[in-house]
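# Close look at the chain arrangement
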Amino acid sequence: MSRVNRCIELLEQGQPVYYDRVDPLELSYDLGRELSGTWADYLRIEFEHQGLDAVALSRFMRGMVDAGPTRSGHRTPTVMCTLPATGMSADEVRLNAWQIRHILSAGVHGLYLAHVRDPEAVRAFVEACRFPHQTVGMGDDLGIGTRGHGAEGYPADIWGLDVSEYVRVADPWPLNPAGELALGIKVEDRFGVPHADACMAVPGVAFGEWGPGDMGLFFGHPEWKNAPYSPQMEAAWRQVKAACDRAGILFLCAWDDPALTPEQRADLLINEIGAKLIAAGDGPILAAAGRALTGRTMPV
């Protein structure tokens, strides 16, 4: 094992990674112990629409540590959280930066910013995730980090590091090659799509996502959530994917088309769409098909 963050280790090997969702209302120490052995490469906790409880999240992370290590030899599975605040404006991100501090202080390995429309909001997001002494990438496109001293002891312990090492590596990857934090942004409505290029290009972002559920809602069609997609939805995801490609970042995509087998969906997502972070309703089955397709050797 060369990384704290199992997903970054896999992505650096060119392997796609697969995630499972965790209900934020069920977070507990015992659930952490149970999910230490998850089939998924990472766990995604959606605080966007349900209660942010940093204490429960901290206990969940402790449960995973106490039940670990994982079969891959990592201290815990990777855990990423969606923020309650959205990327509709920089003011919203800055006024809610306490959410970023509280979640990162629980020892998670990554964050998502949903409903991104404004590149200034993305800059504020990245800056809030960084300690001020981290200067890689600072310049015209990225200002000084705003994450402060005072709560780094707990996440350092969760990661199995001393505090000095934690504050060295708790930084966005791949902007900082030694970083262990994965930051993602989600362009998931038709107002954000025209700004996708500028948003994906902000230094510190590791991956982008397009969010079909909300995209369909904003087109006035909640039934458009799953593939096959309408021309408007296909155009939207292709624009977001193209923006990721131009920025040189990874693409997250789900594809729940009942007309395709798991093997066909894995091939579509990996070889045709070019997704590197993957989800589906039948997650364990799709992950098994995808791992076989790419010759995965790391145990999960």
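Right above here is the structure, for reference.
Worth saying up front: this structure is predicted, and the values here are computed from it rather than measured.

### Thoughts on the pattern of salt bridges
Applying the stated criterion to the full structure yields 18 salt bridges. Taking the shortest distance from any N to any O, the salt bridge between Arg3 and Glu12 comes out at 2.8 Å. For Asp197, the salt bridge identified is with Arg246, shortest N-O distance 2.7 Å. Of this pair, Asp197 sits in helix H9 (residues 196–200) while Arg246 sits in helix H11 (residues 231–247); the two residues are 49 residues apart in sequence, bridging distant segments of the chain. Taking the relative accessible area as the measure of exposure, Asp197 reaches 36% and is therefore partly exposed. Taking the relative accessible area as the measure of exposure, Arg246 reaches 58% and is therefore exposed. Each of Arg21, Arg44, Glu46, Lys186, Glu188 and Glu209 takes part in salt bridges that share partners, so that together they form one network.

### Digging into the environment of Val17
You can see Val17 is positioned in strand E1 (residues 17–22). Counting along the chain gives 23 residues from Val17 to Ala40, while the straight-line C-alpha distance between them is 8.0 Å.

### Here we look at helix H13 (residues 283–294)
End to end, H13 covers 16 Å across twelve residues, agreeing with the expected 16 Å (1.5 Å per residue, within 8%). Those residues of H13 that fall on the buried side of the exposure criterion are Gly283, Leu286, Ala287, Ala289, Gly290 and Arg291. Taken together, the buried residues of H13 touch E1, helix H12 (262–273) and strand E9 (277–279). Of the residues trailing H13, Gly295 is marked for its positive phi of about 65°.

### Some remarks on the packing of aromatic side chains
This structure, assessed with the given rule, holds nine aromatic pairs. Judged by centre distance (5.1 Å) and plane angle (35°), the rings of Tyr19 and Tyr42 are tilted. One end of the pair, Tyr19, is in strand E1; the other, Tyr42, is in strand E2 (residues 42–46), and 23 residues separate them in sequence. Overall, the relative accessible area of 0% leaves Tyr42 in the buried class. On the basis of an interplanar angle of 85° and a centroid distance of 5.1 Å, the ring pair of Trp210 and Tyr229 is categorised as edge-to-face. Note that Trp210 is positioned in the loop between strand E7 (207–209) and helix H10 (212–218) and Tyr229 in the loop between H10 and H11, a separation of 19 residues in sequence. The class for Trp210 is buried, based on a relative accessible area of 1%. Taken together, the aromatic side chains of Trp210, Tyr229, Trp237 and Trp255 make up a single cluster linked through ring pairs.

### Digging into the nonpolar core
Residues Leu57, Phe60, Leu111 and Phe125 are the most contacted members of the largest nonpolar core, which totals 81 residues. Setting aside chain neighbours within four positions, we find Leu57 in contact with Leu27, Ile45, Phe47, Cys81, Ile103, Ala106 and Val108. Of all hydrophobic cores here, the second largest spans 17 residues; its members include Tyr112, Ala182, Ala206 and Leu277.

### Concerning the pairing of E1
Pairing between E1 and E9: two bridges, direction parallel. Counterpart to Tyr18 in the pairing with E9 is Ile278. Bridge analysis of E1 against E2 gives four bridges, and the strand direction is parallel. By the bridge assignment for E2, Val22 is matched with Ile45.

### What about the state of the cysteines?
According to the stated counting rule, one finds zero disulfides in the structure shown. A disulfide-free cysteine, Cys199 has its sulfur positioned 11 Å from the sulfur of Cys244, the nearest such atom. Its relative accessible area of 0% is what places Cys199 among the buried residues. Free cysteine: Cys244, not disulfide-bonded; nearest cysteine sulfur from Cys253 at 10 Å.

### Considering the packing of H12 against H13
Across the interface, H12 lies against H13 with an axial gap of 8 Å and an inter-helix angle of 60°. Taken together, the axes of H12 and H13 lie oblique to each other. Where H12 crosses over H13, the handedness of that crossing is right-handed. Two secondary-structure elements touch here, H12 through Pro262, Glu263, Arg265, Ala266, Asp267, Leu269, Ile270 and Asn271 and H13 through Ile285, Leu286, Ala289, Gly290, Leu293 and Thr294. A breakdown of the residues in the contact of H12 with H13 according to their chemical character gives eight nonpolar, three polar and three charged.

### Describing the pairing of E2
For E2, the buried fraction is high: five of the five residues fall into the buried class. Burial along E2 is two-sided: the face carrying Tyr42, Arg44 and Glu46 and the face carrying Leu43 and Ile45 are both buried. Tracing the backbone out of E1, into helix H2 (residues 29–35) and back to the parallel element E2 gives a crossover that is right-handed. Across five bridges, E2 lies against strand E3 (residues 78–86) in parallel orientation. Paired with Leu43 across the strands is Val79, a residue of E3. As a crossover connection, the stretch from E2 through helix H3 (residues 54–67) into E3 is right-handed.

Parameters and conventions
- Residues numbered from 1 in each chain as written.
- Predicted model: local features only at pLDDT ≥ 70, side-chain atom pairs only at ≥ 80, totals over all residues.
- Heavy atoms only, no water.
- Salt bridge = Lys/Arg side-chain N within 4 Å of Asp/Glu carboxyl O.
- Helix = DSSP H or I, 4+ residues; strand = E, 2+ residues; numbered from the N terminus.
- Buried < 20%, exposed > 50% of the residue type's maximum accessible area, 1.4 Å probe, protein only.
- Expected span 1.5 Å × (residues − 1).
- Contact = heavy atoms within 4.5 Å.
- Phe/Tyr/Trp six-rings, centres within 6.5 Å; stacked < 30°, edge-to-face > 60°.
- Core = buried A, V, L, I, M, F, W, Y, C linked by side-chain atoms within 4.5 Å.
- Pairing = 2+ DSSP bridges.
- Disulfide = S-S within 2.5 Å.
- Axes fitted to C-alpha atoms, helices over the stretch in contact; angles between N-to-C directions.
- Parallel < 35°, antiparallel > 145°, perpendicular 65-115°, else oblique.
- Left-handed = near helix turned anticlockwise from the far one by under 90°.
- Nonpolar A, V, L, I, M, F, W, Y, C, P; charged D, E, K, R; others polar.
- Right-handed = clockwise from strand over helix to strand, strands pointing away.

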